[in-house]
Amino acid sequence: MRPRLAVGVLYLVLIAAAVVTLFPFVWMVLTSLKSEAEIVTYPPKLFPDRFTLESVVNIWERLPFLTLFRNSVIFAFGVTLISLVFDSMAAFAFSRLHFPGRDKLFILVLVALMIPVQVTMIPLFLMLGNWGWLDTFLGLIVPRATNAFGIFMLRQFFINLPKELDESARIDGSSELRLYAAIIVPLAKPAIASLAVFHLMYNWNDLMWPLIITNSQEMRTIPAGLALFMGQHVVEYGVLTAGVAISIMPLIIAFLFAQKYFVQGIAFTGLKE
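Read on for a plain summary of the structure. Predicted model only: the values in this text are computed from it and were never measured.

A word on the side chain of Arg96. For Arg96, the location among the structural elements is in helix H4 (residues 65-96). Here Pro162 takes part through its backbone oxygen, which lies 3.0 Å from a polar atom of the side chain of Arg96. Beyond its immediate stretch of four places on either side in the chain, Arg96 contacts Phe158, Ile159, Leu161, Pro162, Lys163, Asp166, Arg170 and Ile184.

In structure tokens:
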């Protein structure tokens, strides 16, 4: 009887956690289907008295939403793909190769994890301005081309793979590049898929970096474009929630595709020396 009671309590805790987690998303979607007058009424209500698509229509009429969406896709997916290549190559070198100063260089990577992003924004802005990369995809993507967290995460996964794989591949005449591409990367699909989700979510939702680097409507991403509806005295909640509800669809789809690898990648990316 006690095991059943324990399982029942566990399920209740999980259901409560799921409700707490999902409630903001449900509130956001339902808010996007309310009129602006109903959104600001007090006391607030979860379900609208009358469902309306006014805010959804306003997104397409008052903003170049397709342009913002395209820019977010190019920025977020571009950074994710390039970062996965560079992060995995660096992690391979730190975990499977032996060269002078390897451990010291990895310590520098760990130090980079401790530096706040805000500290580097002004130097990067000045440097990109001198290169003429402001308000361009190069300026958006290149500074994010690799990530210290990605290198650390993949390195921790790679060092858990058997070293015998390297020895067998080298005996068969494989080069280091072939060892990386044909053996290590396929075995690391769970970790790479997990890191891809992290990179995609972080860059898709990023507001500060695109807002600083871009200054034209044609180059803004969705978060930077939606920020225009947040004035000092007036916030258009309906348009904001409608835009956010539409913009999170690619993230949900990406997570569903990577779900079977995601948990496995997090579980096996342990700490090992």
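Soluble globular proteins: nonpolar side chains tend toward being buried together. If you look at the biggest cluster of nonpolar residues, it comprises 17 residues, and the most contacted ones within it are Phe92, Leu154, Phe157, Phe158 and Ile184. Those residues in contact with Phe158 that lie beyond four places of it in its chain are Ser88, Ala91, Phe92, Ser95, Arg96, Ile184 and Ala188. Core analysis: the second largest hydrophobic core is formed by 13 residues, Ile59, Leu63, Ala76 and Leu226 among them.

Moving on, we come to the packing of helix H5 (residues 102-114) against helix H8 (residues 148-158). Closest axis-to-axis distance for the H5/H8 pair is 8 Å, and the angle between their directions is 130°. Between H5 and H8, the angle falls in the class oblique. The two elements H5 and H8 cross, and the hand of that crossing is left-handed. Counting all contacts with H5, which are made through Phe106, Val109, Leu110, Ala112 and Leu113, the residues of H8 involved are Ala148, Phe149, Ile151, Phe152, Arg155 and Gln156. Taken together, the residues of the contact of H5 with H8 break down into nine nonpolar, one polar and one charged.

Glancing now at a nonpolar patch on the surface. There is a patch of nonpolar side chains on the surface, built from Val7, Leu10, Tyr11, Leu12, Leu14, Ile15 and Val19 and spanning about 710 Å² of accessible area. For Leu12, a relative accessible area of 59% gives the class exposed.

All right, on to the pattern of salt bridges then. Counted according to the given criterion, the structure contains three salt bridges. For the salt bridge of Asp206 with Arg144, the shortest nitrogen-to-oxygen distance reads 2.6 Å. Within this pair, whereas Asp206 is found in the loop between helix H11 (189-205) and helix H12 (208-213), its partner Arg144 is found in the loop between helix H7 (137-141) and H8, the two being separated by 62 residues in sequence. Arg144 carries the same exposure label as Asp206, and that label is buried.

Glancing now at the packing of aromatic side chains. Under the criterion given, the structure shown has nine aromatic pairs. Seen from their ring centres, Phe23 and Trp27 are 5.8 Å apart, and the 50° between their planes marks the pair as tilted. Taken together, the positions of Phe23 and Trp27, both in helix H1 (residues 2-32) and four residues apart, correspond to about one turn of that helix. Relative to Phe152, the ring of Phe106 has its centre 6.4 Å away and its plane inclined at 20°; by these criteria the two rings are stacked. In this pair, Phe106 sits in helix H5 while Phe152 sits in helix H8, placing the two residues 46 residues apart along the sequence. Taken together, the aromatic side chains of Phe69, Phe77 and Trp204 make up a single cluster linked through ring pairs.

Right, let's talk about the packing of helix H3 (residues 54-62) against helix H14 (residues 237-247) for a bit. Between H3 and H14, whose axes approach to 8 Å, the crossing angle comes to 85°. Taken as axis vectors, H3 and H14 run roughly perpendicular relative to one another. From H3, Ser55, Val56, Asn58, Ile59, Trp60 and Arg62 reach across to H14, where they touch Gly238, Val239, Ala242, Gly243 and Ile246. Of the residues contributing to the contact of H3 with H14, the split by class is six nonpolar, four polar and one charged.

How each quantity is defined
- Residues numbered from 1 in each chain as written.
- Predicted model: local features only at pLDDT ≥ 70, side-chain atom pairs only at ≥ 80, totals over all residues.
- Heavy atoms only, no water.
- Helix = DSSP H or I, 4+ residues; strand = E, 2+ residues; numbered from the N terminus.
- Polar contact = N/O pair within 3.5 Å; in protein donor to acceptor, adjacent residues only side chain to side chain.
- Contact = heavy atoms within 4.5 Å.
- Core = buried A, V, L, I, M, F, W, Y, C linked by side-chain atoms within 4.5 Å.
- Buried < 20%, exposed > 50% of the residue type's maximum accessible area, 1.4 Å probe, protein only.
- Axes fitted to C-alpha atoms, helices over the stretch in contact; angles between N-to-C directions.
- Parallel < 35°, antiparallel > 145°, perpendicular 65-115°, else oblique.
- Left-handed = near helix turned anticlockwise from the far one by under 90°.
- Nonpolar A, V, L, I, M, F, W, Y, C, P; charged D, E, K, R; others polar.
- Patch = residues over 30% accessible without salt bridge, like charges linked within 9 Å, V, L, I, M, F, W, Y side chains within 5 Å.
- Areas by Shrake-Rupley, 256 points an atom, 1.4 Å probe, with all protein chains shown as cover.
- Salt bridge = Lys/Arg side-chain N within 4 Å of Asp/Glu carboxyl O.
- Phe/Tyr/Trp six-rings, centres within 6.5 Å; stacked < 30°, edge-to-face > 60°.

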